[in-house]
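Residue-level listing of the chains:
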Amino acid sequence: MSRQQTSAILLLVLALQILPVSDALAKSMSASLPLLQVVWARFFFHCLATGAYAAWRYGPETLRPTVSTRLLARSASLFVAVGLFYVAIHFMPLTAALTLWFVAPFLLTLMARFLFKRWTRPSGLPSRRASPASSLRSGRRPRHGNGPISSACWQASAMRSE
């Protein structure tokens with residue numbers, strides 16, 4: 001494993017330790033502030049911090065984005081997801097909400113398997129069959145899978161190799 005990959009893993013672990021603190025603060029603020037204001041504050045201050053960093057690192061011209069339909073759809077879906085999550089933590093224990101939030105990728109993988117008939121397989125295991133990337137390029141899909149973790153691995157491998 002390269003040093004860059006190790007750094008990325010450590011940063012992700014750190015981020016996953018900070019995220020519950022952020023959510024706990026949001027839960028406590030939602031007791032005294034309207035939920036819409038809490039969601040607005042999160043995105044406003046994220047925008048300020050990200051904008052300042054991007055302008056410093058890449059120059060102020062970076063802050064003039066080309067707005068696309070996909071970017072607007074992604075932004076709107078993130079806003080709705082965070083808003084719904086904040087509504088959930090307002091009415092239920094934070095531990096239960098965080099558990100569901102972190103399990104969501106596995107649930108999505110299960111939905112893909114059963115609702116969309118999307119077959120998946122783990123990418124790290126040796127196999128005589130084609131890799132996820134070659135399966136995607138050829139239009140074929142793998143014919144076996146071993147559950148949500150293998151599905152997530154296969155999908156990550158397929159995205160990485162595109």
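In what follows, the structure referred to is the one given above.
Cut-offs and rules
Residues numbered from 1 in each chain as written. Predicted model: local features only at pLDDT ≥ 70, side-chain atom pairs only at ≥ 80, totals over all residues. Heavy atoms only, no water. Helix = DSSP H or I, 4+ residues; strand = E, 2+ residues; numbered from the N terminus. Buried < 20%, exposed > 50% of the residue type's maximum accessible area, 1.4 Å probe, protein only. Contact = heavy atoms within 4.5 Å. Areas by Shrake-Rupley, 256 points an atom, 1.4 Å probe, with all protein chains shown as cover. Phe/Tyr/Trp six-rings, centres within 6.5 Å; stacked < 30°, edge-to-face > 60°. Core = buried A, V, L, I, M, F, W, Y, C linked by side-chain atoms within 4.5 Å. Expected span 1.5 Å × (residues − 1). Patch = residues over 30% accessible without salt bridge, like charges linked within 9 Å, V, L, I, M, F, W, Y side chains within 5 Å. Salt bridge = Lys/Arg side-chain N within 4 Å of Asp/Glu carboxyl O. Axes fitted to C-alpha atoms, helices over the stretch in contact; angles between N-to-C directions. Parallel < 35°, antiparallel > 145°, perpendicular 65-115°, else oblique. Nonpolar A, V, L, I, M, F, W, Y, C, P; charged D, E, K, R; others polar.

> Would you mind showing me how to read the overall build of the protein chain here?
The helix and strand inventory of the protein chain stands at 6 helices and 0 strands. When the elements of the protein chain are put in sequence order from the N terminus, they spell out α-α-α-α-α-α. The buried share of the protein chain, taken over its 162 residues, is 19%. Counting contacts in the protein chain only where the partners sit at least 6 residues apart, residues at least 24 apart contribute 64% of the total. Split by element, the accessible area of the protein chain, about 12100 Å² in all, is 68% carbon and sulfur.

> Got a minute to help me understand the packing of aromatic side chains in this structure?
Any pair of aromatic rings gets described here by the distance separating the centres and the angle formed by the planes. All told, the structure shown has 6 aromatic pairs when counted by the stated rule. For the pair Y53 and W56, a centre-to-centre distance of 5.9 Å together with 45° between the ring planes defines the contact as tilted. In this pair, Y53 and W56 are both assigned in helix α2 (residues 35-58), 3 residues apart and thus about one turn of the helix distant. According to the relative accessible area criterion, Y53 is partly exposed, its value standing at 46%. By relative accessible area, which is 68% here, W56 ends up exposed.

> In this structure, what is going on with the nonpolar core? I would like to understand it.
The nonpolar side chains of soluble globular proteins are, as a tendency, buried together. A26, V38, V39, V82, F85, Y86, I89, L94, A97 and L98 together form the largest nonpolar core, which totals 10 residues. Mapped onto this core, the elements with two or more residues apiece are α2, α3 (69-91) and α4 (94-114). Considering each element in turn, this core owes the most residues, 4 residues, to α3. Contact partners of Y86, with chain neighbours within four places excluded, come to D23, A26, L35, V38, V39 and R42.

> Mind showing me how you'd approach α3 here?
Side chains that are three or four residues apart share a direction in an α-helix, a result of its 3.6 residues per turn. Look at α3: 33 Å from first C-alpha to last across 23 residues, which is about the 33 Å you get at 1.5 Å a residue. Listed as buried for α3 are V82, G83, F85, Y86 and I89. Where α3 is buried, its residues contact α1 (3-30), α2 and α4.

> Could you clarify how one ought to interpret a nonpolar patch on the surface in this entry?
Together, V103, F106, L107, L110 and F114 make up a nonpolar patch on the protein surface, roughly 420 Å² of accessible area in all. With respect to the helices, strands and loops of the structure, L110 is situated in helix α4. The partly exposed category is assigned to L110, whose relative accessible area is 34%.

> Got a minute to help me understand the packing of α3 against α4 in this structure?
Helix packing geometry: the angle between the two helix axes and the distance between the axes. As a packed pair, α3 and α4 sit with axes 9 Å apart at the nearest point and diverge in direction by 150°. The orientation of α3 with respect to α4, classified from their angle, is roughly antiparallel. In this structure, α3 uses A81, F85 and I89 to contact α4, whose residues at the interface are L94, A97, L98 and W101. For the contact of α3 with α4, the per-class residue count stands at 7 nonpolar, no polar and no charged.

> Whenever I open this one, α2 confuses me. Can you help?
In a regular helix each residue adds 1.5 Å, so 24 residues correspond to 34 Å; α2 covers 34 Å between its end C-alpha atoms and thus fits that length. Every buried residue belonging to α2 is among V38, V39, A41, G51 and A54, and all of these are buried. Here the buried face of α2 lies against α1 and α3. Immediately beyond the C-terminal end of α2, within one or two residues, lies G59, with a positive phi of roughly 100°.

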